[in-house]
Amino acid sequence: MSDMMKMFVGQELDNQIKENYPHMQYPPCLYAKVVAVKKKGEELYEATLKILDKNRQPDSRFPEVPKVATDIPVLKDETVAIVLMYGECKPYIIGRCF
């Protein structure tokens, strides 16, 4: 009976996290590849990003994210570090990765 209880509790925790805390399912800092970039002003850029996994391979759980504004000069095909503020899918580029 205790194995069934453990399974039930595990499933219930998974459901609670998915429903009430979806941002906890993903890490707050991620790699992303710059798919496209446009210069939008003197020191402002607009990038399209593809989220990568920890091995820097494309992560199929995320679609490409267009129109990410940044003041960090980024280049096409470059890998950047991003954060997802408060679990929203609004990436903020914090730096370039080498």
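Note: the structure precedes this text.
Residues numbered from 1 in each chain as written. Predicted model: local features only at pLDDT ≥ 70, side-chain atom pairs only at ≥ 80, totals over all residues. Heavy atoms only, no water.

Engineer: Let's hear about the nonpolar core: which residues, and what values?
Structural biologist: Of all hydrophobic cores here, the largest spans 15 residues; its most connected members are Leu49, Val80, Ile82 and Ile93. The set of elements that each furnish at least two residues to this core consists of strand 1 (29–39), strand 2 (45–52), strand 3 (65–70) and strand 4 (79–84). Other than its neighbours up to four places away in sequence, Leu49 contacts Ala32, Lys33, Val34, Val35, Pro63, Glu64, Val65, Val68, Val80, Ile82, Pro91 and Ile93. (Core = buried A, V, L, I, M, F, W, Y, C linked by side-chain atoms within 4.5 Å. Buried < 20%, exposed > 50% of the residue type's maximum accessible area, 1.4 Å probe, protein only. Helix = DSSP H or I, 4+ residues; strand = E, 2+ residues; numbered from the N terminus. Contact = heavy atoms within 4.5 Å.)

Engineer: If you had to explain unusual backbone geometry to someone new, which residues and values would you point to?
Structural biologist: Phi at Arg56 is positive, roughly 65 degrees, even though this residue is not glycine. Of note, Arg56 is situated in the loop between strand 2 and strand 3. In this model, Asp77 sits at a positive phi of 70 degrees, which is unusual for a non-glycine residue. On the secondary structure map, Asp77 appears in the loop between strand 3 and strand 4.

Engineer: Go over the packing of aromatic side chains with me, naming the residues and quoting the values.
Structural biologist: This structure, assessed with the given rule, holds zero aromatic pairs. A cation over an aromatic ring shows up here: Arg56 above the ring of Tyr31, its NZ or CZ 4.3 Å from the ring centre. (Phe/Tyr/Trp six-rings, centres within 6.5 Å; stacked < 30°, edge-to-face > 60°. Lys NZ or Arg CZ within 6 Å of the ring centre and 35° of its normal.)

Engineer: An account of the side chain of Glu78 is needed here, citing residue identities and associated values.
Structural biologist: Along the polypeptide, Glu78 turns up in the loop between strand 3 and strand 4. On the accessibility criterion, Glu78 (12% relative accessible area) is buried. Of the polar contacts made by the side chain of Glu78, one reaches the backbone nitrogen of Leu75; its length is 2.9 Å. Ignoring anything within four residues of it in the chain, the contact list for Glu78 reads Ala32, Lys33, Val34, Pro73 and Arg96. (Polar contact = N/O pair within 3.5 Å; in protein donor to acceptor, adjacent residues only side chain to side chain.)

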